[in-house]
Every structure is written in C-alpha cells, then in structure tokens.
Amino acid sequence: INEEESNTLKRGGFLAPVNRFIECLVEDGAPIPEYIALECTGLRQKDVVRRDRLIIPEGVKVHPRVPEDYLMGTVFGVRGGGAAVLEGEEGEEAN
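Summarised in this report is the structure supplied together with it. What you are looking at is a predicted structure, and each value in this text was computed from that prediction instead of being measured. (Residues numbered from 1 in each chain as written. Predicted model: local features only at pLDDT ≥ 70, side-chain atom pairs only at ≥ 80, totals over all residues. Heavy atoms only, no water.)

1. Considering the sheet that holds strand 7 (residues 71-76)
Next, step 1: One open sheet holds the 3 strands; their spatial order is 1-7-4, and the pairing between them is antiparallel. Both outer strands of the open sheet, strand 1 (14-17) and strand 4 (48-50), are each paired with one neighbouring strand and no more. Averaged over all neighbouring strand pairs, the angle between strand axes comes to 35 degrees, with direction disregarded.
Next, step 2: Here 3 bridges tie strand 4 to strand 7, and the two strands are oriented antiparallel to one another. Within strand 7, the position partnered with Val 49 by the bridge is Gly 73. (Pairing = 2+ DSSP bridges. Helix = DSSP H or I, 4+ residues; strand = E, 2+ residues; numbered from the N terminus. Axes fitted to C-alpha atoms, helices over the stretch in contact; angles between N-to-C directions.)

2. A short note on the environment of Asn 19
Next, step 1: Note on placement: Asn 19 falls in the loop between strand 1 and strand 2 (24-26).
Next, step 2: Residues Asn 19 and Arg 50, spaced 31 residues apart in sequence, show a C-alpha to C-alpha distance of 9.8 Å.
Next, step 3: What Asn 19 contacts, discounting residues up to four positions off in sequence, is Tyr 70, Leu 71 and Met 72.
Next, step 4: A distance of 2.6 Å separates the side chain of Asn 19 from the backbone oxygen of Leu 71, its partner in a polar contact. (Contact = heavy atoms within 4.5 Å. Polar contact = N/O pair within 3.5 Å; in protein donor to acceptor, adjacent residues only side chain to side chain.)

3. Some remarks on the pairing of strand 7
Next, step 1: Across 4 bridges, the pairing between strand 1 and strand 7 is antiparallel. When the bridges of strand 7 are listed, Leu 15 appears paired with Val 75.

4. A few points about the pattern of salt bridges
Next, step 1: Within this structure, the stated rule accounts for 2 salt bridges.
Next, step 2: A salt bridge links Arg 65 to Glu 23; the shortest N-O distance between them is 2.6 Å. A residue pair is termed long-range when its members are at least 10 positions apart, and Arg 65 in the loop between strand 6 (60-62) and strand 7 and Glu 23 in the loop between strand 1 and strand 2 qualify at 42 residues.
Next, step 3: According to the relative accessible area criterion, Arg 65 is exposed, its value standing at 59%.
Next, step 4: Taking the shortest distance from any N to any O, the salt bridge between Glu 68 and Arg 51 comes out at 3.2 Å. Residue Glu 68 is found in the loop between strand 6 and strand 7, and its partner Arg 51 is found in the loop between strand 4 and strand 5 (54-55); the two are separated by 17 residues along the sequence.
Next, step 5: Here Arg 51 falls in the buried class, since its relative accessible area comes to 16%. (Salt bridge = Lys/Arg side-chain N within 4 Å of Asp/Glu carboxyl O. Buried < 20%, exposed > 50% of the residue type's maximum accessible area, 1.4 Å probe, protein only.)

This is how it looks when you write it as structure tokens:
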C-alpha cells in the first residue's frame, strides 16, 4: 500500500522478502485474509522492513510468539545501468 509514497519504489526499487509468511490468530467469525498488506510510505533503499509496517486486518492478530522485530524484507533500488540495458534490448527486439 502507498508504493507511490516511496521514491525508491516509484523508481523501480523492490522489496526483497526475507519472510513471506507470518503466524497469525484469527478471531471466530472473522474472515481469514488472503494476504496482509504492507505500508510502504517513506521506504528508502536499504531500509529494513519489520512487522510494524504490516496492516493487520480487523479480527486478526499476530501470534504472540512472533517477535516485535520480525524481519519481513529489505528494500533495494534499481542498479544504475539497469534501465539503459532494458531500453537497449527492447530496441533490438523491435528491429
């Protein structure tokens, strides 16, 4: 969520996941979410993303045995020459 609020992600950066799953408890009657969103506002290159950036839906709680500093991933930017190489490859394919 809010990827446009992160200059790194807007410019083609990405989150390299360390943990793709997190153990949760769902209250009776609450729907089991298909995914849990991540707040991306202000993320910069080399930022470490922890569990506090997760947007936990109503009726869902992170399991107590999951530590507060649980690592979700790290933000990486695009390499300097990556965009130029991709543009050159597209041009060659068009010829």
